[in-house]
Amino acid sequence: MTHTPPRIVAIGEVMVELAPVQSDVYQRGFAGDTFNTAWHIRQLLAEKAQVGYVTHLGQDALSDQLIAEMRADGLDTSGVKRDADRTMGLYVIALQNAERSFHYWRGQSAARRLADDPMWLAKSLKDASLVHLSGITVAILDAAGRDRLLAALVQARRDGAKVSFDPNIRPGLWTSSDEIRQTIPRFLDVTDIALPSFDDEAAHFGDATPAATIMRLATSGIREIVVKNGAGAVTARINAQELEVKTPSVTSVIDTSGAGDAFNAGYLAARLLGRDPEVSIAEGQAIAGQVIGCRGARIPKRQMAAL
Ligand SMILES: Nc1ncnc2c1ncn2[C@@H]1O[C@H](COP(=O)(O)OP(=O)(O)O)[C@@H](O)[C@H]1O
Ligand SMILES: [Mg+2]
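Residues numbered from 1 in each chain as written. Chains lettered and ligands numbered in written order. Predicted model: local features only at pLDDT ≥ 70, side-chain atom pairs only at ≥ 80, totals over all residues. Heavy atoms only, no water.

### Brief notes about the nonpolar core
Here comes step 1: Counting 42 residues, the largest nonpolar core has Leu66, Val226, Tyr267 and Ile281 as its most contacted members.
Here comes step 2: Elements with a minimum of two residues in this core: β1 (7-11), α1 (33-45), β4 (50-58), α2 (61-72), β12 (234-238), β13 (241-245), α9 (259-272) and α10 (277-291).
Here comes step 3: Counting residues per element, this core draws most heavily on α9, at 6 residues.
Here comes step 4: Ignoring sequence-local partners within four residues, the contact set of Tyr267 consists of Ile193, Leu195, Glu224, Val226, Ile238, Pro277, Ser280, Ile281 and Gly284.
Here comes step 5: If you look at the next biggest cluster of nonpolar residues, it comprises 40 residues, including Val131, Ile136, Phe205 and Ile214. (Core = buried A, V, L, I, M, F, W, Y, C linked by side-chain atoms within 4.5 Å. Buried < 20%, exposed > 50% of the residue type's maximum accessible area, 1.4 Å probe, protein only. Helix = DSSP H or I, 4+ residues; strand = E, 2+ residues; numbered from the N terminus. Contact = heavy atoms within 4.5 Å.)

Listed below in structure tokens is the structure:
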């Protein structure tokens, strides 16, 4: 009997990253929140899962390099569409007195069109058991794109997929706070697993505590809610079971970028393997703890292999 591994599909934007290695010299990498999550899930589960990424790229050399890297790292690229007249978004990390700042050129990226073709979207999500997206995926789309993405998620759920959603609120990608407050709940309505970070939710929805975030999201009918809170405990409500899991302290915090994305990967991978909520949260914390101990938003492959 052949056993088909579960198919996981993440949707969003991968950007070219330029990170300083010495004064005025930059290293080219690739990153993006949902991409970081998909990549870590694949490294954690290897052949136990099929992990695909859905986006639009250009037809240029950098887009070719990303596709080659994705394939080499075991990601399925059949959901990547190539646009002749667009390129990938870019960000540059600037260092000033050890303070890192991020500078973006992503307004015209190919990924902004990822929901332009409903047939392509539907085909890319077909047979998925888990579809992962974030508020960044939503934020980069225009109103019609958001409607098409919602429709595709509704269909995927009808076909048996679960949807995981990290609101990952980045005010710079939205036109107003009102737009955030009106749009995010529409996606929570099609979410099975919510993975917010408390500081984002407090800032935009006024939640006083992680428990308040859980209460608010539960009104959308979400049965699996996991609230991250930096070094603080993770608070969750999963099928009416409430739990709080202390976050182990990390002694050398080098770069916190990608912590939330890595947490999502550890948590979702463990849940896909059938682990219980507490163990899955601990797995998320372990992967996030590793990522903040390294530079960049992904754990180096060698280190991943040892996990
Ligand atoms: N200072 C820290 N010490 C230990 N773990 C951390 C720290 N910051 C983040 N983490 C881990 O990363 C996860 C996500 O962090 P958080 O800051 O809430 O997300 P985001 O990166 O999305 O802002 C936390 O749940 C925790 O497991
Ligand atoms: Mg986050």
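### Brief notes about the environment of Phe165
Here comes step 1: Assignment of secondary structure puts Phe165 in strand β9 (residues 162-166).
Here comes step 2: When near neighbours in sequence (up to four residues on either side) are disregarded, Phe165 contacts Leu133, Ser134, Gly135, Val138, Ile184, Phe187, Leu188, Thr191, Ile193, Ala194 and Leu195.

### Considerations on the side chain of Asp200
Here comes step 1: Along the polypeptide, Asp200 turns up in helix α7 (residues 198-205).
Here comes step 2: An unpaired buried charge is present at Asp200: no salt bridge exists, and Arg170, the closest side chain of opposite charge, is 4.0 Å distant.
Here comes step 3: A distance of 3.2 Å separates a polar atom in the side chain of Asp200 from the backbone nitrogen of Ile169.
Here comes step 4: Excluding residues that lie within four positions of it along the chain, Asp200 makes contacts with Asn168, Ile169 and Arg170. (Lys, Arg positive; Asp, Glu negative; His and termini not counted. Salt bridge = Lys/Arg side-chain N within 4 Å of Asp/Glu carboxyl O. Polar contact = N/O pair within 3.5 Å; in protein donor to acceptor, adjacent residues only side chain to side chain.)

### A closer look at the pairing of strand β11 (residues 224-227)
Here comes step 1: Of the two faces of β11, the one holding Glu224 and Val226 and the one holding Ile225 and Val227 are both buried throughout.
Here comes step 2: With 2 bridges joining them, strand β10 (residues 193-194) and β11 adopt parallel strand pairing. Its bridge partner lying in β11, Ile193 is registered against Glu224.
Here comes step 3: A loop of 6 residues connects β11 with β12, the two strands running antiparallel in sequence, and Gly230 in this loop sits at a positive phi of about 55°. (Pairing = 2+ DSSP bridges.)

### Observations regarding the site of ligand 1
Here comes step 1: With respect to spatial proximity, 15 residues lie near ligand 1, and among them Ser197, Gly230, Thr247, Gly260 and Ala288 are the closest.
Here comes step 2: Contact between ligand 1 and Gly230: an oxygen atom at 2.8 Å from a main-chain N or O atom of the residue.
Here comes step 3: In this structure, Gly260 approaches ligand 1 through a main-chain N or O atom, which is 2.9 Å from an oxygen atom.
Here comes step 4: Considering ligand 1 on its own, with 550 Å² of exposed area, one finds that the protein chains cover 83% of that surface.
Here comes step 5: Within the residue set of the shell around ligand 1, elements represented by two or more residues are α9 and α10.
Here comes step 6: Here the shell around ligand 1 is composed, by residue class, of 8 nonpolar, 6 polar and 1 charged. (Near = heavy atom within 4 Å. Areas by Shrake-Rupley, 256 points an atom, 1.4 Å probe, with all protein chains shown as cover. Nonpolar A, V, L, I, M, F, W, Y, C, P; charged D, E, K, R; others polar.)

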